[in-house]
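Residues per chain, in single letters:
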Amino acid sequence: QGLAAMAREMGTGRLQRATAEIADDLRSGRTLPEALGRQAGRVPDFYAALVGVAVRSGRVGEVLATLTVYARSIADLRSTVVGAIFYPCVVLAFSFTLFGFVCWKIIPQFERIFTDFGIDLPLVTKIAIEIGRHPLQFVVVPPLAIVFGLVLAKLSLRSTETGRRAWVRFVYSMPIVGTLLRSSRLAAFSDLLAILVDHAMPLPEAFRLAGEASSDPLMSHAARYVEQDLRDGKSLGDAMRNRRLVPELIAWMTGLGERRGTLGASLHQAALVYRRAAEMRAMMLRSVLPPFMILGTAALLVGFFALSM
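This one's a predicted model, so the numbers in the text were calculated from it and none came from an experiment.

Section: helix H9 (residues 177-198)
Next, step 1: Here H9 spans 32 Å end to end across 22 residues, near enough to the 32 Å set by a 1.5 Å rise per residue.
Next, step 2: Counting buried positions over the 22 residues of H9 gives 17, a clear majority of the element.
Next, step 3: Of the residues flanking the end of H9, it is Ala-200, one or two places downstream, whose phi is positive at about 65°.

What follows is the structure in C-alpha cells.
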C-alpha cells in the first residue's frame, strides 16, 4: 500500500511505472526481491540481490536505508561532474560568440576603411579580413565539425564492447576532465562494492554486480576477470593488481583489508579517496580553468585584432 501511494504521488515517468508495478507484484504475492528482479532495465540487478540478502538476514530496513544513501551519493557525484564541466563550457561558448561578433561586425568596418584609403595590407591583415568575409567557414564550421566528429565517433564505437572501451580510454586521456570522470566512477564502484561486502555478499558475486552496475566499460570488463580470479582462489589484492582494475595503492589497501577482515572499511576508504580526488578536479575546473580561458580568449582576440587591424 505504501508503494502504491508513492506511485500515485510521483505523477508520470519510468520511476512511477516501476514503483506501481512493484506494488502490484507485492499485492499479488511475490516477494520484494522477485518484484525488483522483474524490473530488469529499470532497477539495477544489485538492488534485488541486496534486498534478497536483507530478507534472509532480517535487515531490510537497514539495507534500504543504505541503498538510499548510496543513490544520494551517486547523484551528488553526478551533479559535481556536471557542475564542474558546465562553467568552462559556458566560457568557451561565450568566447566563440565574442570572436564571431568581431568577425561579423568589427573586421568588415576596418576592411572598408582600408579599401577607401587604398592601403597595401600585410599578410596577417589579409588573413583577418578573409576570416571576416567568411565567418561561417572559419568560425562556426570548425568547432561544429569537431563536435560532430566526436559524436559520430562515440555513436560508431558504442555498438561494440571494444569500441566502448576505446572511447572511454580517449575520454580518460583528457587533462583534468578525464581524471574527474575516472575518479567519480571509481568512487561509485568502490562504494557499491563496499556496501555489498558489508551485507555479506560473496565476493565474486559482489564484483559481478558492481561491475554490471558500473557505467565504466573498462571497469565492467576488468571486474569480470577479477570475479573469475576470485573463484579460482586468488586473493583480492592480487586479482585487482593483475587486472589493473584500480591503482596500486588501492589494490594494496583492499588486499590488506581482506587479510585483516576489514575489507568493507577499506573499500569505503578507497571510495572516499576517489570522491575527494573528483571533488578536487571539479574545483579546479570551476575555479581555476575558467579564468585562464577568459585570459586566453582576451589575449587571442585583442592580440589578433590589434596585430591585424
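A look at a nonpolar patch on the surface
Next, step 1: Taken together, the side chains of Phe-86, Tyr-87, Val-90 and Ile-294 make up a nonpolar region of the molecular surface, amounting to roughly 390 Å² of accessible area.
Next, step 2: Top contributing element to the nonpolar patch by residue count: helix H5 (residues 60-117), with three residues.
Next, step 3: Residue position: Ile-294 is located in helix H14 (residues 263-308).

Describing the side chain of Ser-190
Next, step 1: Considering the arrangement of structural elements, one finds Ser-190 in helix H9.
Next, step 2: Note on Ser-190: relative accessible area 3%, which makes it buried.

A few points about the pattern of salt bridges
A side chain with one charge can pair with a side chain of the opposite charge if their charged atoms come near.
Next, step 1: For the structure shown, the criterion picks out seven salt bridges.
Next, step 2: Arg-275 serves as the salt-bridge partner of Asp-191, at 2.8 Å between the closest nitrogen and oxygen. Of this pair, Asp-191 sits in helix H9 while Arg-275 sits in helix H14, and the two are 84 residues apart along the sequence. In this pair, the class of Asp-191 matches that of Arg-275, namely buried.
Next, step 3: Between Glu-205 and Arg-208 there is a salt bridge, with the nearest N and O atoms lying 3.8 Å from each other. In this pair, Glu-205 and Arg-208 are both assigned in helix H10 (residues 203-213), three residues apart and thus about one turn of the helix distant.
Next, step 4: One network of salt bridges, in which partners are shared, links Glu-161, Arg-165 and Arg-224.

What counts and what doesn't
Residues numbered from 1 in each chain as written. Predicted model: local features only at pLDDT ≥ 70, side-chain atom pairs only at ≥ 80, totals over all residues. Heavy atoms only, no water. Helix = DSSP H or I, 4+ residues; strand = E, 2+ residues; numbered from the N terminus. Expected span 1.5 Å × (residues − 1). Buried < 20%, exposed > 50% of the residue type's maximum accessible area, 1.4 Å probe, protein only. Patch = residues over 30% accessible without salt bridge, like charges linked within 9 Å, V, L, I, M, F, W, Y side chains within 5 Å. Areas by Shrake-Rupley, 256 points an atom, 1.4 Å probe, with all protein chains shown as cover. Salt bridge = Lys/Arg side-chain N within 4 Å of Asp/Glu carboxyl O.

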